[in-house]
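Working through the structure, step by step
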Amino acid sequence: MTKRDVVFPAGRQALYEKNRYSPAVRSGGFLFVSGQVGSREDGSPEPELDAQVRRAFANLNAVLAAAGCSFDDVADVTLFIVDPQERFERIWDVAREFWGQAPYPTVTAVGVTWLYGFDFEIKVIARLPD
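Reference entry: report on the structure contained in this document.

Parameters at a glance
Residues numbered from 1 in each chain as written. Predicted model: local features only at pLDDT ≥ 70, side-chain atom pairs only at ≥ 80, totals over all residues. Heavy atoms only, no water. Helix = DSSP H or I, 4+ residues; strand = E, 2+ residues; numbered from the N terminus. Expected span 1.5 Å × (residues − 1). Bend = angle between axes of the 7 residues up to and from the residue. Buried < 20%, exposed > 50% of the residue type's maximum accessible area, 1.4 Å probe, protein only. Contact = heavy atoms within 4.5 Å. Core = buried A, V, L, I, M, F, W, Y, C linked by side-chain atoms within 4.5 Å. Phe/Tyr/Trp six-rings, centres within 6.5 Å; stacked < 30°, edge-to-face > 60°.

Section: helix α3 (residues 84-99)
The terminal C-alpha atoms of α3 lie 19 Å apart, and with 16 residues this falls more than 12% below the ideal 22 Å at 1.5 Å per residue. Remark: the principal bend of α3, roughly 25°, maps to aspartate 93. Taken residue by residue, α3 has Ile91, Trp92, Val94, Ala95 and Trp99 as its buried positions. On its buried face, α3 sits against α2 (49-66), β4 (74-82), β5 (106-112) and β6 (120-127). Glycine 100, located one to two residues past α3, shows a positive phi value of around 80°.

Given below as structure tokens:
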């Protein structure tokens, strides 16, 4: 069995090792990115929702950049939202700051009851550059 080709963003490897998961894995021409939340460097959540969403995108973009990608390479997005009926519109307004131009990636939004103290998580699959 070959080892996974794991991508670590700068400065966050200890956080991923502590929680026992890979931030992203390259496979078959794609980058599979673990769900990214609005965590600070110490792993604690940003307390305010808009800041938490912005931090989640910043964390996502750091993982993408570590693999030589950007959000423009993202093909598929899954959003996890605690209390989506209350929070979706506000989250979607902030997400537009990072979403780029059409054509857009596919997106699935899932309402959840718990995200380890967070209100928002974003998971993506991106195409790796040639």
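Here's the deal with the nonpolar core
Formed by 29 residues in total, the largest nonpolar core has its most connected members in Leu31, Phe57, Leu64, Phe120 and Ile122. Put simply, the parts of the chain that give this core at least two residues each are β3 (30-37), α2, β4, α3 and β6. Per element, the largest residue contribution to this core is 7 residues, and it comes from α2. Beyond its immediate chain neighbours, meaning those up to four positions away, leucine 31 contacts Val7, Ala24, Val25, Arg26, Val63, Leu64, Ala67, Cys69, Val124, Ile125, Ala126 and Leu128. Core analysis: the second largest hydrophobic core is formed by 5 residues, Val37, Val112, Leu115 and Phe118 among them.

Things to note about the packing of aromatic side chains
Taken as a whole, this structure holds 11 aromatic pairs when the rule is applied. When the centroid spacing of 5.1 Å and the interplanar angle of 50° are considered together, the rings of phenylalanine 71 and tryptophan 99 count as tilted. Of this pair, phenylalanine 71 sits in the loop between α2 and β4 while tryptophan 99 sits in helix α3; the two residues are 28 residues apart in sequence, bridging distant segments of the chain. Grouping residues by exposure puts phenylalanine 71 and tryptophan 99 together as buried. With centroids separated by 5.6 Å and ring planes inclined at 15°, the aromatic side chains of phenylalanine 88 and tryptophan 92 adopt a geometry described as stacked. Pair noted here: phenylalanine 88 and tryptophan 92 are both in helix α3, with a separation of 4 residues, about one helical turn. Here a set of aromatic residues connected by ring pairs shows up, and it is made of Phe57, Phe71, Phe88, Trp92, Phe98, Trp99 and Phe120.

Nothing here speaks to function; it is all geometry.
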